[in-house]
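If you want the building blocks of each chain, they are given just below.
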Amino acid sequence: MRIIVCLKPVPDPKHWSRLALDPKTGTLIRGGIPSIVNPLDRKALEAALQLREKEGGEVITLSMAPPSAMPVLREGLAMGADLSIFLTDLAFAGSDALATSYIMGTAIRKLARYDLILCGDQTLDGSTSLVSAQIAEFLGIPNLMHVSAIEVQKSGVFHVRSRIEHGSMLVEMKAPLVLSVAKEINEPRYITLMNILEGEKKEIRVWSSKDLSLSEPWVGLKGSPSQMADLFIREAKRKGEILQGDPSEMTKTLADRLHRMGYC
Amino acid sequence: MAVNQRVKSEIWVFAEQRQGELVDVGLELLGKALELAHPAGWKVASVLVGHASEKALCEQLLSFGADEVIVADHPLLRSYCSQSYAKILGKLIREYDPKVFLLGATAMGSDLGARLAVRLRTGLSAHCIGLELSPEKKLLAVVPGWGGNVLARIYSPHTQPQMATVMPGVFNMPQEKEATGRIVPVDVDLNPEDVTYKILEVKREAGQEHALEKAEVIIAGGWGIGSREDWQSVEDLASALHGMVGATRPPVDEGWAKENQMIGQSGRTVHPKLYIGIGISGEMHHMVGIQNADFIIAVNRDPEADIFKMCDLGVVGDFKEILPGLIEEIREKLQK
Amino acid sequence: MDFKLSEREELLRKSMREFAEKEIPPRMEAMEETGEFPVELLKKMGDVGILGVITPQEYGGTGMGNLARIIILEEMGRVCPAIPMALQVHHMATYALTKFGNEEQKKKYLPPLAKGETMGVMAVTDPSGGSDVAGIKTSAKLEGDVYILNGRKCFITNSHFSDFWVVVARTGEGGRGLSAFIVEKNFPGAKPGRKENKVGLRGANTGELVFQNCPVPKANLLGHEGEGMNIAIQDIVEAGRPGMASVALGILNAVLEQAVKFANERSLYGKPINTLQAIQWHIADIYADLEISRLLVYRVGWMRDNNIRCDTESALAKQFACEAAARSARKAIEIHGSYGVMKEYPVQRLLRDALVTIPAGGTGEIAKLVMARHALNMFK
């Protein structure tokens, strides 16, 4: 089985206070903030590795990011991926979900043979949760989101459990397909010292726009249909009354207020 | 098969249904769409896709004010499948060229919207918490920006339809009134191969998933609660006030609270009459989920916590010194 | 000169931090209470490669080296300093066996240490010894094919959790009369003795080893007869002191984090105390102690990885980092005010932990002797 895992380097949330938005482009100014593997993408990779352990095959990670994200790809290889494809090009910068999916879909086409594409349900930074379904649409293959369990039924047939609003559903799907995984799917493994050494021997293959046959215009900031009209600060229209001082006094006041509002 | 009438509406709203029942967000969006469309001289259509249960649902949508209800009925549409649904809707949208297409940011809406945006090569603003129509009749979708108090208005100036998925609970349900709209059945051309997966089983999870969205009183806890043991006091306050328990992301990650209790950008959007946030700093990701609460009370020992800038009543103090007494006082008052 | 950690070392730090933050905290309360090492963690540490970081690959380790070891100990210590205390002695045993063991000994004893089947023990100190290594009285008399061991070893880390120990005993007179042995716990007459009850680094066991007419086969002599002093000193200098310094480094990391967190949260006179200069000076001192210690300790790791002698540098790193940990922990307590001496706040534990690092692996005074001897010879 050949599994492609979409691995997105995202700014480490521990440093989010240092993040800023470029007011002109609406894109992120990362300013030297270290990247980590998007946590749900790590779970997608873990799911892929577990499938490989059971079924055999190959796990390839696919990432689109600035060149500085290289250590994050190395981390994916250390976790156990066999090969990393790194899409990096100034022309890709500022891509919205549609453009990202188009570029990644095109890269996946170039890889030609694949059974399963795994993503995380959402990323820490964008949170649009669009890319998995959009890659599937570009490739014309089925997809499912919020996946909590994946089982190979027989060759090319998967039983997939997916969370929906009122519970979950079990779905039978055929390869090739795209799944995006939910938080509860697994707990990713630790990276061992041996893994780190093995990861160093594996290849990170760098592809730029020249390596992909991007025939449509959906690339980068200019090729993204979604644009930011403006940024604005939310108006505070709340009363903003603040109580300070003796805890038991405040407790009484609070109980009293709740009483007057009719809650007790 | 029905002979296709022309659809005239400029804004289409996906009327999501599950097991023959309309999902609230489809109605909330219908209400908002009507509010945006009518001053601009536009009309609004609800789009219903499925099989066999359509008649009653159409009536319902009309009673909530839809100018048109587009009905795509076919046995193969009985269960949701992103590819078959996207195929039908993609074709309809190409044929009638609406300006705006809106969906709920539910499991189904997010998935379907994403696919449609690719099929139609247009932009989609995901998980929006507000919608506006500019004087140039461009759809501006409000999405929370990075951290801080920043919101961004996103639009797709050059492509059509302009699409957005909107968080459930952001808009209010529209008022029911006398139906004046019409039903527009459309042809459905679908092959069994278009349904690319088979649903083997649907399991309902115990507990009311939507209760948090409907709750009048919500007590939410954050990272500041500190431990599973102390989380109990959040639960206790909620039960004293007959409210429900919500959480920010960290308590969910820590396992103190359940995933379905998470409020905010990647969780639920709620609009209770009373919200009490305990040990919550006020990160935007959470605050966008409670912006429609009528009254916000915050308890936090850090006087600099952002939540104090966004609340109606702030209590600067350690919840451990306040909650036990408060719960006692509330119980006493209720007994009287 | 390159002060940047490599991609490998950065990834190592990241994965070790994740391991430490997930695995250790749930066990810390029990460690503090009982003083016992969480043995069930050993296997996990073996699987992740923590135990075999300096073990050559052919004996089940990764051979990643001394700087890698320091980073691991620092990250474990940032969460709970008792853990790297136990680990560092485990590594000392590994180091001695790797450097002085013959092929058979390495094949037999290194893999179980790397895998976490047992813990490593380096037993040098006698009740009559300690800083005075030559004062060792535990005797090993050759009788036929076996050495007969008699005596007691005290303040031995991991004493009760190991299947075999590296033991230094007297086979002759004077400094050249010491030899090192690998003694298995199930040899007749060998057993762990009393368990100590330390004020800090609770969760790293310290205890005695007792030998009563314990026969040790000749094959278990480590290195040559009379090489014991050399083995002990090299192990202490090249593995023990950098190890202890790394424990202290871990403590310093935790101290700065706790101090900063508290200074940012706590308000007095209507504003956070981080605006007060008195507090800022403490913070600056702690920060400086952390950064200086890190430079010193990393340098020793780098020197060992490049096979450069490091006697003085190792002593300096150990002495400075351990003292720095103790004085910084005290400053952190002062920042906390009365909260600092309450058990709910970790700074009091960090001070207790720091105090225990000071005599371990060579006292501060011994380290200063080494430095002084070096300095006094500099301009000759």
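Small disclaimer: the values here were computed from a predicted structure and weren't measured. (Residues numbered from 1 in each chain as written. Chains lettered and ligands numbered in written order. Predicted model: local features only at pLDDT ≥ 70, side-chain atom pairs only at ≥ 80, totals over all residues.)

Attention shifts here to helix α2 (residues 70-79) of chain A. Residues and elements named next belong to chain A. Burial runs high along α2: eight of the 10 residues are buried. Where α2 is concerned, the buried positions are V72, L73, R74, E75, G76, L77, A78 and M79. Positive phi shows up at G80, right after α2, with a value of about 140°. (Buried ≥ 20, exposed ≤ 12 C-beta atoms within 10 Å, placed from the backbone. Helix = DSSP H or I, 4+ residues; strand = E, 2+ residues; numbered from the N terminus.)

Okay, the packing of helix α9 (residues 311-336) of chain C against helix α10 (residues 347-357) of chain C next. All names here are of chain C. Two elements in contact, α9 and α10, have axes separated by 8 Å at closest approach and are oriented at 160°. Considering the angle they form, α9 stands roughly antiparallel to α10. Like other packed secondary-structure pairs, α9 and α10 cross with a definite hand, here left-handed. Of the residues in α10, those touching α9 at C322, A325, A326, A329, R330, A332, I333 and H336 are V347, Q348, L350, L351, A354, L355 and T357. (Axes fitted to C-alpha atoms, helices over the stretch in contact; angles between N-to-C directions. Parallel < 35°, antiparallel > 145°, perpendicular 65-115°, else oblique. Left-handed = near helix turned anticlockwise from the far one by under 90°. Contact = placed C-beta atoms within 7 Å.)

Let's shift gears to the confidence of the model for chain A. Mean pLDDT for chain A: 90, with 92% of residues reaching 70 or above. Strand β3 (residues 20-21) of chain A is the least confidently modelled element of chain A, averaging 64 in pLDDT, while strand β7 (residues 83-87) of chain A averages 98, the highest of any element. (pLDDT = per-residue confidence, 0-100.)

The partner chain B presents 70 residues to the 64 residues of chain A that form the contact. Here the element with the most residues in the side of chain A that touches chain B is helix α6 (residues 247-260) of chain A; it accounts for 10 residues. Residue classes in the side of chain A that touches chain B are distributed as 32 nonpolar, 20 polar and 12 charged. When strand β11 (residues 167-174) of chain A meets strand β13 (residues 197-204) of chain B, the two strands line up antiparallel, connected through seven bridges. Counted as the bridge partner of M169 of chain A is V202 of chain B from β13 of chain B. (Nonpolar A, V, L, I, M, F, W, Y, C, P; charged D, E, K, R; others polar. Pairing = 2+ DSSP bridges.)

Moving on, we come to the confidence of the model for chain C. All names here are of chain C. Per-residue confidence for chain C gives a mean pLDDT of 94; residues scoring 70 or more make up 100%. At the low end of the mean pLDDT range in chain C sits strand β9 (residues 267-268), at 78; at the high end sits helix α4 (residues 66-79), at 98. Scoring the predicted complex yields pTM 0.85 and, for the interface, ipTM 0.89.

As a further point, take unusual backbone geometry. Looking along the chain, the bond that leaves A175 of chain A and enters P176 of chain A is cis, with omega of -5°. Its location among the elements puts P176 of chain A in the loop between β11 and β12 (177-181). Put simply, Q160 of chain B and P161 of chain B share a cis peptide bond, and its omega is 0°. Phi angles above zero are rare outside glycine, and H146 of chain A is one such case at about 55°. Mapped onto the elements of the fold, H146 of chain A is located in strand β9 (residues 143-154). According to the C-beta neighbour criterion, H146 of chain A is buried, with 24 such atoms within 10 Å.

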